[in-house]
Amino acid sequence: MRYFYGIIALVFLVVSGGCTSIGYYAQAAKGHLSVMYQSKPIDRWLSDARLDQQLKIKLQQVQRIREFAVRELGLPDNDSYRSYADIKRQYVVWNVVATPELSLVPERWCFPVAGCVDYRGYYDMQSAQHFAGELRKKGMDVRVTGVPAYSTLGWFNDPVLSSFIHYPEHELARLIFHELAHQIAYAEGDSTFNESFATAVEEVGVSLWLSARGDPAINESYRLYELRRNEFLALLNTYRLRLESTYLQNMSDDEKRQRKSELIHSMVSEYADLKKAWGGYAGYDRWFNEPVSNAHFALIATYHELVPEFIALLEEEKTLPYFYLRVKQLAKMDAVSRRHVLRRHTSLVHHSDIKIQTDSPAALQ
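Everything numeric here is computed off the predicted structure, so don't read it as measured data. (Residues numbered from 1 in each chain as written. Predicted model: local features only at pLDDT ≥ 70, side-chain atom pairs only at ≥ 80, totals over all residues. Heavy atoms only, no water.)

**Digging into empty space enclosed by the protein**
Unfilled space is identified by rolling a water-sized probe across the atoms.
Part 1 of the argument: As enumerated under the stated definition, the model contains one cavity of 30 Å³ or more in all.
Part 2 of the argument: What lines the largest cavity is Val-35, Tyr-81, Ala-149, Tyr-150, Asp-158, Pro-159, Leu-161 and Phe-164. (1 Å grid on protein atoms, 1.4 Å probe; cavity = no way out; pocket = protein on both sides within 12 Å on 5 of 7 lines; lining within 4 Å. Points joined across faces, edges and corners; volume = space filled by probe spheres on them.)

**A look at the nonpolar core**
Part 1 of the argument: One finds Leu-59, Leu-75, Phe-177, Phe-197, Phe-310, Phe-323 and Tyr-324 to be the most contacted residues of the largest nonpolar core, which totals 62 residues.
Part 2 of the argument: Per element, the largest residue contribution to this core is nine residues, and it comes from helix H7 (residues 191–213).
Part 3 of the argument: The residues contacting Phe-310, other than those within four sequence positions of it, are Phe-193, Ser-196, Phe-197, Ala-200, Phe-323, Val-327 and Leu-342.
Part 4 of the argument: One finds Leu-243, Tyr-271, Leu-274 and Tyr-284 within the second-largest nonpolar core, a separate group that totals 20 residues. (Core = buried A, V, L, I, M, F, W, Y, C linked by side-chain atoms within 4.5 Å. Buried < 20%, exposed > 50% of the residue type's maximum accessible area, 1.4 Å probe, protein only. Helix = DSSP H or I, 4+ residues; strand = E, 2+ residues; numbered from the N terminus. Contact = heavy atoms within 4.5 Å.)

**A closer look at the side chain of Arg-120**
Part 1 of the argument: Within the element layout of this structure, Arg-120 appears in strand E6 (residues 120–122).
Part 2 of the argument: Look at Arg-120: it is buried, it has no salt bridge, and the nearest opposite charge is Glu-107 at 9.4 Å.
Part 3 of the argument: Within the structure, the side chain of Arg-120 is placed 3.1 Å from the side chain of Tyr-122, a separation counted as a polar contact.
Part 4 of the argument: With residues up to four places along the chain from it excluded, the contact list for Arg-120 reads Tyr-24, Trp-94, Asn-95, Val-96, Trp-109 and Phe-131. (Lys, Arg positive; Asp, Glu negative; His and termini not counted. Salt bridge = Lys/Arg side-chain N within 4 Å of Asp/Glu carboxyl O. Polar contact = N/O pair within 3.5 Å; in protein donor to acceptor, adjacent residues only side chain to side chain.)

**Here's the deal with the packing of aromatic side chains**
Part 1 of the argument: Tallying each qualifying case throughout the model produces 28 aromatic pairs.
Part 2 of the argument: An angle of 65° between the planes, with centres 5.3 Å apart, marks the rings of Phe-193 and Phe-310 as edge-to-face. Linking Phe-193 in helix H7 with Phe-310 in helix H11 (residues 307–317), this pair joins segments that are 117 residues apart in sequence. Neither Phe-193 nor Phe-310 differs from the other in exposure class; each is buried.
Part 3 of the argument: Members of the aromatic cluster, each reached through a chain of ring pairs, are Phe-232, Tyr-271, Trp-278, Tyr-281, Tyr-284, Trp-287, Phe-288 and Phe-297.
Part 4 of the argument: Lying across the ring of Trp-45, Lys-40 places its NZ or CZ 4.3 Å from the centre.
Part 5 of the argument: The aromatic ring of Tyr-24 is capped on one face by Arg-120, whose charged end is 4.1 Å from the ring centroid. (Phe/Tyr/Trp six-rings, centres within 6.5 Å; stacked < 30°, edge-to-face > 60°. Lys NZ or Arg CZ within 6 Å of the ring centre and 35° of its normal.)

**Considerations on the sheet that holds strand E1 (residues 40–41)**
Part 1 of the argument: Strand order in the open sheet formed by three strands is E1-E2-E8, with mixed pairing between adjacent strands. Each edge of the sheet is formed by a strand with only one pairing partner; in this case those strands are E1 and strand E8 (160–161). (Pairing = 2+ DSSP bridges.)

**Overview of H7**
Part 1 of the argument: In this model H7 runs 32 Å from its N-terminal to its C-terminal C-alpha over 23 residues, within 8% of the 33 Å that 1.5 Å per residue would give.
Part 2 of the argument: Burial within H7 is extensive, with 18 of its 23 residues counted as buried.
Part 3 of the argument: The positive-phi residue at the C-terminal boundary of H7 is Gly-214, with phi of around 60°. (Expected span 1.5 Å × (residues − 1).)

**Considerations on the sheet that holds strand E3 (residues 93–99)**
Part 1 of the argument: Strand order in this open sheet of three strands is E6-E3-E7, and the pairing throughout is antiparallel. Each edge of the open sheet carries a strand with a single partner, namely E6 and strand E7 (141–147). Neighbouring strand axes in the sheet, compared pairwise and without regard to direction, differ in orientation by 25° on average.
Part 2 of the argument: Of the strands in this sheet, E3, E6 and E7 touch helix H5 (residues 125–137), which is tilted by about 10° from E3. (Axes fitted to C-alpha atoms, helices over the stretch in contact; angles between N-to-C directions.)

**Considering the pairing of E3**
Part 1 of the argument: Among the seven residues in E3, seven count as buried, and that is most of the element.
Part 2 of the argument: As paired elements, E3 and E7 share seven bridges and run antiparallel to each other. Within the sheet, the bridge partner assigned to Val-93 lies in E7 and is Val-147.

**Regarding the layout of surface pockets**
Part 1 of the argument: For the second largest pocket, the calculated volume is near 350 Å³.
Part 2 of the argument: Along its surface, the second largest pocket is lined by 18 residues, and Leu-104, Pro-106, Asp-118, Thr-192 and Ala-298 are the ones closest to its centre.
Part 3 of the argument: The residue inventory of the lining of the second largest pocket, partitioned by class, reads seven nonpolar, four polar and seven charged. (Nonpolar A, V, L, I, M, F, W, Y, C, P; charged D, E, K, R; others polar.)

**Describing the confidence of the model for the protein**
Part 1 of the argument: Averaged over every residue, the pLDDT of the protein is 88; residues scoring 70 or more account for 88%.
Part 2 of the argument: Under a pLDDT of 50 for its full length, residues 1–8 has, in the predicted model, 13 contacts with residues more than four places off or in other chains.
Part 3 of the argument: Throughout residues 11–19 the model reports pLDDT below 50, and contacts reaching past four residues in sequence, or to other chains, amount to ten contacts. (pLDDT = per-residue confidence, 0-100.)

Here's what the structure looks like:
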């Protein structure tokens, strides 16, 4: 029945888009249904004696992570991430992000059901590049980035994909916790709220997962991952703020373009220094696959801006079920009101201080 309603939703997208959008909606419907068609339950994959041993190990990891998500994090107990699809490509979709030449404010696209978002996704890289080219002709800064996973917010039972199945265990757990969190609460048109909430759940979830695993090697691997990620995010945020400041200055557009070029060149140079300090680790090189532009910086804050507030709210609520209930209530508010409430929760906390209770209150049933 969930699958049926998901198809109805996709048909609605196609027929309600109008002539100028029907091609885009059609590729979205066709692309997602193709992914769903290729998926089958993980247990069926594991029962195949011909299954590659490495894939078998990873699928078994997913099963343990998925059960932990329900048992310890109170995340949805449904069929999402209990199936697997080999999509035979590096990414499942390619997102197009665009900004004006001298601004970091991203373009927004609005869709039935999903609301407004700061990107446009394509299941085919060439189609994404074509759309990006049209935007560049209008003088916009554009970035096309491959995405290994996405959430349908519960419309479908999202499968585990070959595009991320071979991630290290801690990153696999992080991604599954993040995507499942999107099924808990969704504020239409507020990407920062939605992604920051999912990131907060992901961070707490991975911390608890690693603690339960008690594996020194995995803990060390994650420590290095976190160190590099935080240093890279700090670098991006520093230059994002410098670019924002430049665009607000009382100077000519030509001066702003020159300053923009200098800042981007400096950031690329500092990244090279970071890589040296990391011993040559190249995990973020794909961020530079295209010439760096405003579009690269547009969504940096989206995934992290409100994480401290969500963590503090979780500390106040003490248990994940009541935290989820509060977030659901916030998602129903207008954007200004929910920001006002969240800004009151800015204390820094340690994940180990949070007492996790998995018995759901009646209000969550």
